[in-house]
Amino acid sequence: HTGVRHRLAPYAQLDDGLLDLAYTTRPLRSIATAAKVDEMIKGGGKHVHATSLLNVQQASRVRLETDTPARLMVDGDIIG
């Protein structure tokens, strides 16, 4: 959980050894689109099924690569 009513990974378990990821594959270029994602996350986990905007997956390992340097948000902090 992050923030008030934000359940980014509603099915996450602390003891399963997996990282639950929520990510977009394209930039959210408008305030309206970002607000839509925010409302879906606040809507009790509806974003888990809305694969056109946000992907939610589990992984035991994660490797991130970009063609050009990119800023990332990890655990609520912007890094990179």
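To start, this report covers the structure provided alongside it. (Residues numbered from 1 in each chain as written. Predicted model: local features only at pLDDT ≥ 70, side-chain atom pairs only at ≥ 80, totals over all residues. Heavy atoms only, no water.)

Scanning the protein for helices and strands turns up one helix and four strands. Secondary structure elements in the protein, listed N-terminal to C-terminal, are β-α-β-β-β. A total of 80 residues make up the protein; the buried ones form 18% of that total. By sequence separation, contacts in the protein at least 24 residues apart represent 61% of the contacts at least 6 residues apart. Just so you have it, the protein exposes about 6700 Å², and 52% of that area is on carbon and sulfur atoms. (Helix = DSSP H or I, 4+ residues; strand = E, 2+ residues; numbered from the N terminus. Buried < 20%, exposed > 50% of the residue type's maximum accessible area, 1.4 Å probe, protein only. Contact = heavy atoms within 4.5 Å. Areas by Shrake-Rupley, 256 points an atom, 1.4 Å probe, with all protein chains shown as cover.)

Attention shifts here to the pattern of salt bridges. Applying the stated rule across the entire model yields one salt bridge. Its salt-bridge partner being Arg63, residue Glu65 comes within 2.6 Å of it at the nearest N-O pair. With respect to burial, Glu65 and Arg63 carry one shared label: exposed. (Salt bridge = Lys/Arg side-chain N within 4 Å of Asp/Glu carboxyl O.)

This next bit is on the side chain of Asp20. Following the sequence through the fold, Asp20 ends up in strand E1 (residues 19–23). Asp20 sits in the buried class, given a relative accessible area of 18%. A polar contact of 3.4 Å, which involves the side chain of Asp20, links it to the side chain of Gln58. Residue contacts for Asp20: discarding those within four places in its chain leaves Ala9, Tyr11, Ala12, Gln57 and Gln58. (Polar contact = N/O pair within 3.5 Å; in protein donor to acceptor, adjacent residues only side chain to side chain.)

Together, Leu19, Val62, Leu64, Leu72, Val74 and Ile79 line one region of the surface with nonpolar side chains, adding up to about 500 Å² of accessible area. Here Leu64 is to be found in the loop between strand E2 (55–59) and strand E3 (72–74). On the accessibility criterion, Leu64 (59% relative accessible area) is exposed. (Patch = residues over 30% accessible without salt bridge, like charges linked within 9 Å, V, L, I, M, F, W, Y side chains within 5 Å.)

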